[in-house]
Amino acid sequence: MADDNGYVKALSDALNARADWLERSELPKMKDELRAYHTGFASLYNLFLKKGLIHEDPYKHEARIAELEVPSTAPYSDAEKLDQLTRRLANYDNQLDFLVNFYQFSTEFLNLERIKRILGLVKYVDWIHLSPDSQNPMTKAVAEMTNQVKSGSDQLTMSVISESLSNLNRTYNPIMGYLKLLSDYQREYYKLGIRDVTQGMSHGEAANLPALRKKLVQAKPGIPFFPDLVEEVLKEDYSKDSAVLRDDVLKRLQVVEAKPKVEKVQVSFKSILIEGIQNLGNTAGTFTEILQKLDENQAILEDQRDNIWRKLKKMLNQMFNKEPEPIIYDLEYIDPVKASSVRERVNFTNFRNDLDRKIRTLSPLGPRGAALPKLESMQEDQLVGFLERNIRDLQSLHKTLGALDELFKSSVDKDDRDKIRGIKPDLGSLKNAILRANAKRHEYNAHKEEEEQLRRLGVNPDP
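Residues numbered from 1 in each chain as written. Predicted model: local features only at pLDDT ≥ 70, side-chain atom pairs only at ≥ 80, totals over all residues. Heavy atoms only, no water.

**Q** Go over the overall build of the protein with me, naming the residues and quoting the values.
**A** When helices and strands are tallied, the protein shows 16 helices and two strands. Considering the protein as a whole, with its 463 residues, one finds that 41% of them fall into the buried category. Carbon and sulfur atoms make up 51% of the accessible area of the protein, which amounts to about 26,900 Å² in all. (Helix = DSSP H or I, 4+ residues; strand = E, 2+ residues; numbered from the N terminus. Buried < 20%, exposed > 50% of the residue type's maximum accessible area, 1.4 Å probe, protein only. Areas by Shrake-Rupley, 256 points an atom, 1.4 Å probe, with all protein chains shown as cover.)

Here it is as structure tokens:
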């Protein structure tokens, strides 16, 4: 083989530049896409749990993952179905969580074996061809469960399903593209390492693969042996087409930074809507305080109501594993629209669970919450709908909470009245947050109306 120092140096320089570009530009994007992929799956996974299609895996949160591992795709019997899907999907959620939160996204760490593991996770369910007729057991099962969740679901659930499937489909091709870029780099990096051993060998010596494998193991302990990549090295270094093949490799590795496109900037008022949503997100802490007070107040009131017969009935229900009777309160409040008194029966247990779920929804929406990238990726009309729905939800909660506060204060014995923890200050904080969010909604609508008027006058509102 001729002197290859020039090519080896050119290849090494090209790989260094390529690695720098991948870590600076492409790997962060791949991580973002994988995070969105996991978010899409996690939403569906939680819906499957909520609908009882799978069970909560008792070992899910105790699992310790040292390295990515693709869950089983082996067929299972009908008798095993529930258990297998429970364990496999819990494991899959854990693997994706480990990938986006604990994996190192660097060219040094993401070797060919780890790329293969990520590829296996992304292909574990065929989201693009999600069908009950799929030959893949997991794709078939997930398609069947998704169809079951869709059946008779409310608008909010349908929206969650649609958004989740959209994320999973949208992120697939970009992730595959980033993995292809990374795989191409790692193949050439591996081949550069092979040349540390083959450099100076004749073609006959290098083509003796068993002998070459022994030398490679001795020179680089732990390195895998990929015969197909070794064959590529032999063609690029010893064949008559060597110069053309090498030139092609260097061209593929060349980094061409895309020039930013100069586009007309469009006016966007998304930041106004996001600020309004974040005002609502800040109420998660206030609701948490309210929930704690409600639990204490409710315990005091129920303790007073528990006569000997009610206590006996509760004891019998527990003995026979019967569901406890629902706690129903008759509330009264003033309807602000009709300016009249309204009576409403509220299942306190259900209301409390709904409030707890709302806290979990609101928590990521604050200024420093995890939902900010998701909010920024949404269209303006989506943000408007999201803001309006949450304003309505909080207004409804505020109304019911005010009535519960009055109920607790007026229903307990005088001796225990000072034990009741009032929530009037908290309700004031909630009202202010709702008003601020509503103000942002009106500000957005005013800007859009002004923009529309300018268009009608033939004035371009874009800067």
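**Q** Break down the packing of helix H10 (residues 270-281) against helix H16 (residues 424-456) for me, with residues and values.
**A** To describe two helices that pack against each other, one gives the angle between their axes and the distance between the axes. The geometry of H10 relative to H16 is characterised by a closest axis approach of 8 Å and an angle of 170° between their N-to-C directions. Taken together, the axis directions place H10 and H16 in an arrangement best described as roughly antiparallel. Contacts from Ile-272, Leu-273, Glu-275, Gly-276, Asn-279 and Leu-280 in H10 reach Ala-433, Ile-434, Arg-436, Ala-437, Lys-440, Glu-443, Tyr-444 and His-447 in H16. For the contact of H10 with H16, the per-class residue count stands at seven nonpolar, three polar and four charged. (Axes fitted to C-alpha atoms, helices over the stretch in contact; angles between N-to-C directions. Parallel < 35°, antiparallel > 145°, perpendicular 65-115°, else oblique. Contact = heavy atoms within 4.5 Å. Nonpolar A, V, L, I, M, F, W, Y, C, P; charged D, E, K, R; others polar.)

**Q** So what about the pattern of salt bridges? Which residues, and what values?
**A** Counted according to the given criterion, the structure contains 41 salt bridges. Note that Arg-114 and Glu-67 form a salt bridge whose closest N and O atoms lie 3.0 Å from each other. Of this pair, Arg-114 sits in helix H3 (residues 112-122) while Glu-67 sits in the loop between helix H1 (5-50) and helix H2 (81-102), and the two are 47 residues apart along the sequence. Taking the relative accessible area as the measure of exposure, Glu-67 reaches 24% and is therefore partly exposed. One salt bridge connects Glu-144 with Lys-81, and the closest N-O pair in it is separated by 3.2 Å. You can see Glu-144 sitting in helix H4 (residues 137-150) and its partner Lys-81 sitting in helix H2, a full 63 residues away along the chain. Connected through salt bridges with shared partners, the residues Arg-187, Glu-188, Lys-191, Arg-195, Glu-232, Glu-236, Asp-237, Arg-246, Asp-248 and Arg-252 form a single ionic network. (Salt bridge = Lys/Arg side-chain N within 4 Å of Asp/Glu carboxyl O.)

**Q** I'd like to hear about the confidence of the model for the protein, residue by residue, with values.
**A** For the protein, per-residue confidence averages 87 on the pLDDT scale, and residues scoring 70 or more make up 90% of the total. Contacts from residues 262-266, a stretch scored under 50 in pLDDT, to residues over four places away or in other chains number five contacts. (pLDDT = per-residue confidence, 0-100.)

**Q** Could you give an account of the environment of Ala-206, with specific residues and numbers?
**A** Counting through the fold element by element, Ala-206 comes out in helix H6 (residues 203-207). Residue classification places Ala-206 among the buried residues on the basis of a relative accessible area of 0%. For the pair Ala-206 and Tyr-238, spaced 32 residues apart in sequence, the C-alpha to C-alpha distance is 9.5 Å. Non-local contacts of Ala-206, meaning those with residues more than four positions away in its chain, are made with Thr-198, Met-201, Leu-212, Leu-234 and Tyr-238.

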